[in-house]
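# Tertiary structure, described
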Amino acid sequence: MQPIVNCLPRRAIIHVLDNSANALITSDYELDITFDVEEYLKKHIMRTLHDDRSRVARFQAAETNIVRNACHAIFRDPAQFVPQSKVIAQHLFTVMSANKSISSADLLVCLYEGDEQPYLAILKLDYNDTYIHDFAAATEHDAIKLVLKKGTNSLPHPNQKLQKAVFVQPEQRAAAFDFVVLDKQSNAKDTEEDIAHYFFKLFLNAAMVVRDRDKTAEFIDLTRKWIDQAIEPNEAIQLVSIIGNNLIREEPVEARELSNNMFGPASPLRARKTEYESYLTEQGFADQDFSVDPEVAQKQLKRLKWITEEGIEIIIKNPAHADKVSIATDQAGNSSVIIKNVNIKP
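Being a predicted model, the structure only gives us computed values, none of them experimental.

Time to look at the pattern of salt bridges. Here the structure, examined in full by the defined rule, presents 17 salt bridges. One salt bridge in this structure joins Glu30 and Arg11, with 2.5 Å as the shortest N-O distance. Taken together, the residues Glu30 in the loop between strand E2 (23–25) and helix H1 (35–49) and Arg11 in strand E1 (residues 7–18) connect sequence positions 19 residues apart. By relative accessible area, which is 29% here, Glu30 ends up partly exposed. Residue classification places Arg11 among the partly exposed residues on the basis of a relative accessible area of 21%. With a closest N to O distance of 3.4 Å, Lys225 and Asp221 form a salt bridge. On the criterion of helical spacing, the pair formed by Lys225 and Asp221 is a turn pair, its members being four residues apart in helix H6 (residues 212–230).

Below you can see the structure in the form of structure tokens.
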């Protein structure tokens, strides 16, 4: 499944999964794909598919996997769209019912075309709190009293990011993976083990497929975290610049090779090389090799940013110019920023 440019919703249905009231309400009718509904679906599908945190995965236990079999039944026979969407909704509701901390939601199933190829989207639409005005009884004759009224079952705005979604492709085209998934937690309580994995492990029963883009993103993320924790700002600028020069290229690379380039013989940070490699080892990344995804590398390394305790932001939009900025820190821990050899815009 390549990143799609165009999305055309063909069929859609919505079901209510009320975990607080232990109520599952399934619809017997598809949604009318009006202009507004089509735009709502397109925006959520496109935004979620292109989310940086989306991953690819494969279904496990194919013969008995409820979601996989329901999706492929729909691909084989469009007449199965409504009944199989109910199967998917019932399965997710059963999983949710085991833990009342899991938020209630509507489940939207949509059969759509992406660049003229069919796909199936499964979107968990968590509810939002909204406020509307309403009329209330006034004590004076002919007086008007307006109040604010809270609504609790509003669906996500088209521009709002979803927390959980799945995009399944037909089996005959599934090569390295079966579907794209977004599964991120919306609040702190969802980090609990039994909640955090209910969607991916219990509902989808799947295993992640790690791509080069995922390895590129993980390597950059781990390295930036280590730099932020262990390296002074001035030296951090130099390291991130070296990382950028080594990653923004379309060829295989190995984590230890990058470490050698970052902490070369002439580097003043040479003594920190072992510490850095130990950190990668602890994170399970030290011996991985991968072909760099230049798009991910450019996106994650496109700028450097620091914020002082006084609220002053220092931003370098192009790491290639990092050598024009130096940060000196005195013994008291106070830093001075020096910008040199630049042209100031009027």
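We now examine the side chain of Asp126. Checked against the element boundaries, Asp126 lands in strand E5 (residues 117–126). Under the relative-accessibility criterion, Asp126 is labelled buried at 15%. At 2.9 Å, the side chain of Asp126 and the side chain of Ser103 are in polar contact. Polar contacts involving the side chain of Asp126 include one to the side chain of Lys124, which spans 2.5 Å. Not counting residues up to four positions away in its chain, the partners in contact with Asp126 are Ser103, Ser104, Ala105, Ser154, Pro156 and Gln163.

Here the focus is the environment of Ile316. Positionally, Ile316 belongs in strand E14 (residues 313–316). Note on Ile316: relative accessible area 7%, which makes it buried.

For helix H3 (residues 81–97), with 17 residues, the first-to-last C-alpha span of 24 Å sits near the 24 Å given by 1.5 Å per residue. Turning to H3, its buried residues are Phe81, Val82, Gln84, Ser85, Ile88, Ala89, His91, Leu92, Phe93, Val95 and Met96. Where H3 is buried, its residues meet E1, E2, helix H2 (66–76), strand E4 (105–114), E5 and helix H5 (198–203).

Glancing now at the packing of aromatic side chains. Going through the model one piece at a time under the given rule, you end up with eight aromatic pairs. Between Phe59 and Phe179, the aromatic rings sit 4.6 Å apart at their centres with planes inclined by 40 degrees, giving tilted as the arrangement. With a gap of 120 residues between them, Phe59 in strand E3 (residues 55–59) and Phe179 in strand E9 (residues 179–183) connect regions that are remote in the sequence. Looking at Phe59, the relative accessible area reads 8%, which means it is buried. Ring centres of Phe199 and Phe203 lie 5.2 Å apart, and the angle between their planes is 40 degrees; this geometry places the pair in the tilted category. Residue Phe199 and its partner Phe203 are both found in helix H5; the two are separated by four residues, about one turn of the helix. Judged by relative accessible area, Phe199 falls into the buried class, the value being 1%.

On average, residues of the protein chain score 83 in pLDDT, and 88% of them reach the 70 mark or higher. Taken element by element, the protein chain is modelled with least confidence in helix H4 (residues 193–196), mean pLDDT 48, and with most confidence in H3, mean pLDDT 97. Low pLDDT (under 50) marks residues 186–195, which in the prediction has 11 contacts with non-local residues, meaning those over four places away or in another chain.

Quick look at the nonpolar core now. By size, the foremost hydrophobic cluster in this structure holds 32 residues, and its most contacted members are Phe179 and Leu204. At eight residues, the largest contribution of residues to this core is made by H3. Ranked by size, the runner-up nonpolar core spans 24 residues in total, among them Val240, Phe263, Leu280 and Phe290.

Compared with the 21 Å implied by 1.5 Å per residue over 15 residues, the 21 Å span of H1 between its first and last C-alpha is a close match. For H1, the complete set of buried residues consists of Glu38, Tyr40, Leu41, His44, Ile45, Thr48 and Leu49. The arc enclosing the buried residues of H1, seen along the axis, measures out at 160 degrees, which places them on a common side. Opposite the packed face of H1, turned more than 90 degrees from it, sit the exposed residues Phe35 and Asp36.

Basis of the calculations
- Residues numbered from 1 in each chain as written.
- Predicted model: local features only at pLDDT ≥ 70, side-chain atom pairs only at ≥ 80, totals over all residues.
- Heavy atoms only, no water.
- Salt bridge = Lys/Arg side-chain N within 4 Å of Asp/Glu carboxyl O.
- Helix = DSSP H or I, 4+ residues; strand = E, 2+ residues; numbered from the N terminus.
- Buried < 20%, exposed > 50% of the residue type's maximum accessible area, 1.4 Å probe, protein only.
- Polar contact = N/O pair within 3.5 Å; in protein donor to acceptor, adjacent residues only side chain to side chain.
- Contact = heavy atoms within 4.5 Å.
- Expected span 1.5 Å × (residues − 1).
- Phe/Tyr/Trp six-rings, centres within 6.5 Å; stacked < 30°, edge-to-face > 60°.
- pLDDT = per-residue confidence, 0-100.
- Core = buried A, V, L, I, M, F, W, Y, C linked by side-chain atoms within 4.5 Å.
- Arc of directions from axis to C-beta.

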